[in-house]
Every structure is written in structure tokens, then in C-alpha cells.
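Take a look at the letters that make up each chain.
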Amino acid sequence: MVMLLNQLGLSESEFFEKTDATFKVAAHFINWNQDENGKPIEFLNILNAPGALDGRQFADYFVTFDPARTAPDAGIAYVRAFSPVAEIVRGNLAPRRPGEPDFSGEVGYTYHFDATKVAAYLRDIATSRGVKHILDDVDAVNVDERGFVTSLGLRERGEFGVDLVIDCTGFRGSILQQALGEPFEPYGEHLLNDRAAVVQIPHKDPGVIAPTTRATGFSAGWNFNIPLTTRVGTGYIFSSKFLSDEEAADELLSFYGDQAKGCEPRIIPMRTGRVRNAWVKNCVALGLSGGFIEPLEATAIFMTDLGVRWLANYLPTQDFEPELATAYNRHVRQVYEEVRDFVQLHYHLNNRADTPYWKAAREDMTLSDRLQENLRVWQHVAPEDLDLGSTFLFSSPVYTLLLIAKGFYKDRRLSRASSLSRTTYQRARDAERKARPGQLEGLISHAAFLKTGGKAPAGSVMAPHAGMAPAPELAGTKIKLKSQPARPRQSRKKKRR
Ligand SMILES: Cc1cc2nc3c(=O)[nH]c(=O)nc-3n(C[C@H](O)[C@H](O)[C@H](O)COP(=O)(O)OP(=O)(O)OC[C@H]3O[C@@H](n4cnc5c(N)ncnc54)[C@H](O)[C@@H]3O)c2cc1C
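Cut-offs used in this document
Residues numbered from 1 in each chain as written. Predicted model: local features only at pLDDT ≥ 70, side-chain atom pairs only at ≥ 80, totals over all residues. Heavy atoms only, no water. Helix = DSSP H or I, 4+ residues; strand = E, 2+ residues; numbered from the N terminus. Rg over C-alpha atoms; globule rule 2.2 N^0.38 Å. Buried < 20%, exposed > 50% of the residue type's maximum accessible area, 1.4 Å probe, protein only. Contact = heavy atoms within 4.5 Å. Areas by Shrake-Rupley, 256 points an atom, 1.4 Å probe, with all protein chains shown as cover. Lys, Arg positive; Asp, Glu negative; His and termini not counted. Charge placed at Lys NZ, Arg CZ, Asp CG, Glu CD. Near = heavy atom within 4 Å. Polar contact = N/O pair within 3.5 Å; in protein donor to acceptor, adjacent residues only side chain to side chain. Nonpolar A, V, L, I, M, F, W, Y, C, P; charged D, E, K, R; others polar. Domains from an automatic or database assignment. Pairing = 2+ DSSP bridges. Axes fitted to C-alpha atoms, helices over the stretch in contact; angles between N-to-C directions. Parallel < 35°, antiparallel > 145°, perpendicular 65-115°, else oblique. Left-handed = near helix turned anticlockwise from the far one by under 90°. UniProt positions renumbered as here; feature names shortened; annotations may be inferred.

In the annotation of an unreviewed UniProt entry, the protein is listed under the name Tryptophan halogenase and assigned to Methyloceanibacter methanicus.

Q: Sorry, what's going on with the overall build of the protein here?
A: On a plain count of helices and strands, the protein comes out with 15 helices and 20 strands. Taking 23 Å as the expected radius of gyration for a compact globule of 497 residues, we find that the protein reaches 24 Å, a close match to that expectation. C-alpha extents for the protein along the principal axes are approximately 75 × 55 × 50 Å. Here the protein holds 497 residues, and 54% of them are scored as buried. Considering only contacts in the protein between residues 6 or more positions apart, those separated by 24 or more positions represent 72%. A total of about 22,400 Å² of accessible surface is found on the protein, and carbon and sulfur atoms cover 51% of it. Across the protein, 61 positive and 60 negative side-chain charges occur, with their mean positions spaced 8 Å apart.

Q: Got a minute to help me understand the site of the ligand in this structure?
A: Taken together, 18 residues are adjacent to the ligand, and V138, S174, L288, A300 and I301 come closest. V138 places a polar main-chain atom, nitrogen or oxygen, 2.9 Å from a nitrogen atom of the ligand. S174 has a polar side-chain atom sitting 3.2 Å from a nitrogen atom of the ligand. Here the ligand has 980 Å² of accessible area as a free molecule, and 66% of this is covered by the chains. Those elements that place two or more of their residues in the shell around the ligand are β11 (195-201) and α9 (300-313). A per-class count over the shell around the ligand returns 11 nonpolar, four polar and three charged. Looking at which domains feed residues into the shell around the ligand, each of domain 2 (134-188 + 272-345) and domain 3 (195-269) supplies at least three.

Q: Please explain helix α4 (residues 74-82) as it appears in this structure.
A: Most of α4 sits out of view: nine of its nine residues are buried. Within α4 the residues assigned to the buried category are A74, G75, I76, A77, Y78, V79, R80, A81 and F82. For α4, the elements touching its buried residues are β3 (40-46), β4 (48-49), α3 (58-65), α5 (85-90), α13 (396-405) and α14 (422-440).

Q: Got a minute to help me understand the sheet that holds strand β12 (residues 212-217) in this structure?
A: Strands pair in a sheet through their backbones, by hydrogen bonds, and they do so in one of two ways: parallel or antiparallel. Across the sheet, which stays open at both edges, the seven strands sit in the order β3-β2-β12-β13-β14-β11-β15 with mixed pairing between neighbours. Here the strands that pair on one side only, and so sit at the sheet edges, are β3 and β15 (266-269). The sheet shows a mean angle of 20° between the axes of neighbouring strands, direction not considered. Note: strand β2 (residues 26-34) against β12, five bridges, orientation parallel. Residue F29 lies in a different strand from β12, and its bridge partner there is A215.

Q: Where do I start with the packing of α9 against helix α10 (residues 322-348) in this structure?
A: Packed helices, taken two at a time, are described by the angle their axes make and the gap between the axes. Their axes nearest at 10 Å, the elements α9 and α10 cross at an angle of 165°. By the angle between their directions, the pair α9 and α10 is classed as roughly antiparallel. Every pair of crossing elements has a handedness; the one defined by α9 and α10 is right-handed. Listed contacts from α10 to M303, L306, G307, W310 and L311 of α9 are Y328, H331, V332, V335, Y336 and V339. Here the contact of α9 with α10 is composed, by residue class, of nine nonpolar, two polar and no charged.

Q: Whenever I open this one, the side chain of E87 confuses me. Can you help?
A: In this structure, E87 sits in helix α5. Exposure remark for E87: the relative accessible area of 2% places this residue in the buried category. At 3.2 Å, the side chain of E87 and the side chain of R436 are in polar contact.

Q: Please explain the UniProt feature "binding site: L-tryptophan" (unreviewed entry) in the protein as it appears in this structure.
A: According to UniProt, the positions carrying the feature "binding site: L-tryptophan" (unreviewed entry) are E297. Inspection of the secondary structure puts E297 in the loop between β19 (291-292) and α9. For E297, the side chain forms a polar contact with the side chain of N45, separated by 2.9 Å.

Q: Would you mind showing me how to read the packing of α4 against α14 here?
A: Closest axis-to-axis distance for the α4/α14 pair is 8 Å, and the angle between their directions is 75°. Judged by the inter-axis angle, α4 sits roughly perpendicular to α14. Contacts from R80, A81 and F82 in α4 reach Y425, R429, E432 and R436 in α14. Residues that form the contact of α4 with α14 fall into these classes: three nonpolar, no polar and four charged.

Q: I keep staring at the sheet that holds strand β18 (residues 283-285) and nothing clicks. Help me out?
A: Here three strands make up an open sheet; going across it, the order is β9-β18-β17 and the pairing mixed. The open sheet is flanked by β9 (165-167) and β17 (279-280), the only strands paired with a single partner.

Okay, structure coming up:
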């Protein structure tokens, strides 16, 4: 989204204003794994990757030399070793200093937003740039003898001739699936969750807005918590094999207590999987009409964006060259399998023993051949992009982070460990420790940043502790807060996604 807005030449501040948007610097996972006393483990999935050390992966050093790798909070310790994100999350800070330019930040970020408002905003931008927008219902799809869509039967406008149809009809899949009969390939053997109970609730304290999506493990699924400026979007993604709709709604509401008083969750059935081919003849399915993988890593809009870019790349002539559709469909299949495997890894590596759901998610689901093979390889070496079939969204550093956070390397020694230098790692850690106060300097509370549209409010202070373990590096460190706009700074780290 950051790249898209930037490429479209839009103002990020205006985007925030029009869509109730907030920053997201990490997905904050809680209670997907537990320590030996059953206490929930937390970790952060962030958008930056560490740089290499002497041409070797940073993770190799962490796993070999850092005693924190065996601790329950190894995931947080790992992130803290190369990035200030954990401190930014702990302090509920914005990733950018007041006065710094749009699309810049101390760390990589993306957004939370009101999707309905974003749709209206982008529609207005598109129509102002010459796109003709017709709002109508598609009641019929007319197809010629070759199976090409020739026209759509619109409820208000009547028959409407088309060259290329982009099917964006959501889970209904009105054109590609219903009219053209393209089959759907479900992912039910990989992923258990098939329903969502969703609700919007007020902020507990509007003065504290987390810069994260919180993903908390529940009894038969997980809860998402997405703070906007005006409200919190939350929901329970669960499996109907283990929980009824009523039980899911009760568990969700009781988790939020008074904050959700009087709120009634809406149930959304979710069909996980994808259409066999997203592009057939002159019809291309984008978004939910082409497929869906549960929202754990918030990948759907990114995948739609990718689909649009690929379609622009392979845009056919009126001959609809079949090679272009074949290439497009290959990419779509790859990206779906990539996201499916990464999402499934979160479940496969859980260690919860408290409910049958978590046991089934770990033991009873089918893993792709590639993921099975990689898990065997990664016992000996940390993940490399080389191991992965596609890295459109998730490249090797994020796999490494997940494995470390879930204790995969707790008792393992990498095969190349003996060739690493402890001093190199120590030097890198010392340098990072020294740099940390400067990285955090001038960052203000996320809520204050959003309230002032990124202008420095007088006397702004860091928001209180967000509930994570205190950062040892910061103990006793005074963080200087600037009240004047700071000089523009770009993220120092390589963006991972
Ligand atoms: C619980 C949940 C959480 C999610 N969280 C995230 C997230 O964090 N990040 C993310 O990227 N994605 C998320 N998604 C996915 C997100 O919903 C989609 O990315 C986005 O809404 C897809 O938009 P869409 O246009 O494909 O489908 P939709 O939003 O469903 O829109 C389809 C539209 O087509 C209309 N329509 C259908 N048939 C016809 C017809 N015949 N004629 C005219 N109109 C028709 C429908 O009325 C609807 O308005 C989540 C999904 C769920 C279920």
C-alpha cells in the first residue's frame, strides 16, 4: 500500500485523514505458543530484515551465539538485536518523526484503514483521472460460442458490451466461477479456519493506539485487533469444526468485556482456496472472487495489487494471446501457495496443548511437499530465498524470524556454526546498541502523531508501556524527545517486503 500510494502520486497525510488510517509496523502475535508453564509467548513479525554480517546471515550468528535464542521470548530478542521495532511497539510510537516527509520512516511500515473509505477515496481519485465509474448489479453474463464474455446484463443499464472483464465480485465469484464455471480448489486440508465473527468496538483509551495488528490465539482460532483512529476492528477467525458461531461470539465478547458492551458480532463464512485459473479467456478474477487465504498475515489486498500489476504487464490485445494468461496464472498459483504455506507454518509450529484445535492445527493438516522438505533443511541451516519457490510476499528472513520465535532453533546447532566469529556478532550487537537511542530519538506517540497529522505537538511524550517485556538495552537510557520537526530520515534497514 505504501508503494502503491507513492506511485499513484497521492499524499499520505491526506490518505490518513480520509480513511481513518493508522501505522502498522508489525504483527504482534500472542499466545500462539506457550512456555513450559503455559504462559503465552509473544513475538513480532516486522517489515525489515537484518543486514548480512561478513557476508553471512545475521540469524546464523544469533542462533549460534546469542543465549536469548533459547528463551521463550527469543522472537522479541532477535528483533531487538537488529531493529528498534520492539521498542517502537512497546512505546506505542509512530514510526516517523513529526515533520518528516510522507512515505518515510525509521522502520518499514504499512497501514490499517477503513476499507470502505479507502474504496471511496480511490474511486474518487480514479474518476478524477478519467476512469468512468458505473455502479450497477451484474444479473447476467453473456458468453459467445468460444466461451468469451461478450456483455454483462446490468440491472439498471441493460446489456453492456465488454472486451476484458475483471471479476471483483468477492466470495460470490459471479462471473469467473458462476458464469464461466471455473472450478475452485479449496485449501481446507492445509488450513482449518472457515469462519469469522467480526465486530467494531470503541477504543479502550483513544490516547493509546498500537502501531500493530494484534493476533491473539483463542481456543479454536485467533483474534485480530486492528486499531483505526476512530475505532478498533476486531474479530475471531475460527474453525467451525471446533466451535459454533454462538460460542465464537461469546468468547470474542468476553475477551473484550466492557469495551465490547452492546456490540453484536457478524458471522462471515470464509472459503479458503483459489480458482484453478484466475484468468480464463477474457475474464480475470481479482480479490476474493479469485481466492482467499485467511487474514492472518493480511495478504489479500497485497495479492490484489500484485494481480493488477501482473495484468498490466501481460495486458493482451483483442486476440487474448493464451501465453499471457498462462504466465499470469502461473504467478497467481505461486503466490497463493506461498501465502498458504507461510500462514500454515504459524499453525504447524504452535505448541499449545490446551485445546484440541491447536493440536489438530499442528498435527492433522497436510503440509506441502516443499514446506516439509524445507523444515528438514532448516534444521541445519537458516532459511535462504533459494529454498523458497516464490518470494513475492514472504522471503527467507521472515521465515527465519518465525522459526526463531517459535523455538525451532532452541536446541539446534547450525551446520556452518563453526565458521562463524563470536567477535563479529559481538561487534554488531554493540554497534546496534549504540545506535538505538538515535533511532528512537524524536519519535512520538502514535496517537499524538495521528491527531496532529504528523506535526509536532507541543510537549509530546512517549506513550506508556504496551505490555511487552522491557528492553534490556534501554534500561536507564534517556530518550530525548524533539519538539521541533526533525530532519528527514529514511529507514536504515533493507525493507523485507
Ligand atoms: C475477516 C476478514 C478479515 C480480513 N482482513 C484482511 C486484512 O487484514 N488485509 C487484507 O488485505 N485483506 C483482508 N481481508 C480480505 C479483504 O476482505 C479483501 O482483501 C477485500 O475486501 C477484497 O475485496 P473484494 O473487492 O475482492 O471483495 P469484496 O470486498 O467482498 O467486494 C465484492 C463486491 O462485489 C459485489 N458484488 C458481488 N456480486 C455482484 C454482482 N453480481 N453485481 C454487482 N456487484 C456484485 C459485492 O456486493 C461486494 O460489494 C479480510 C477478509 C475477511 C473475511
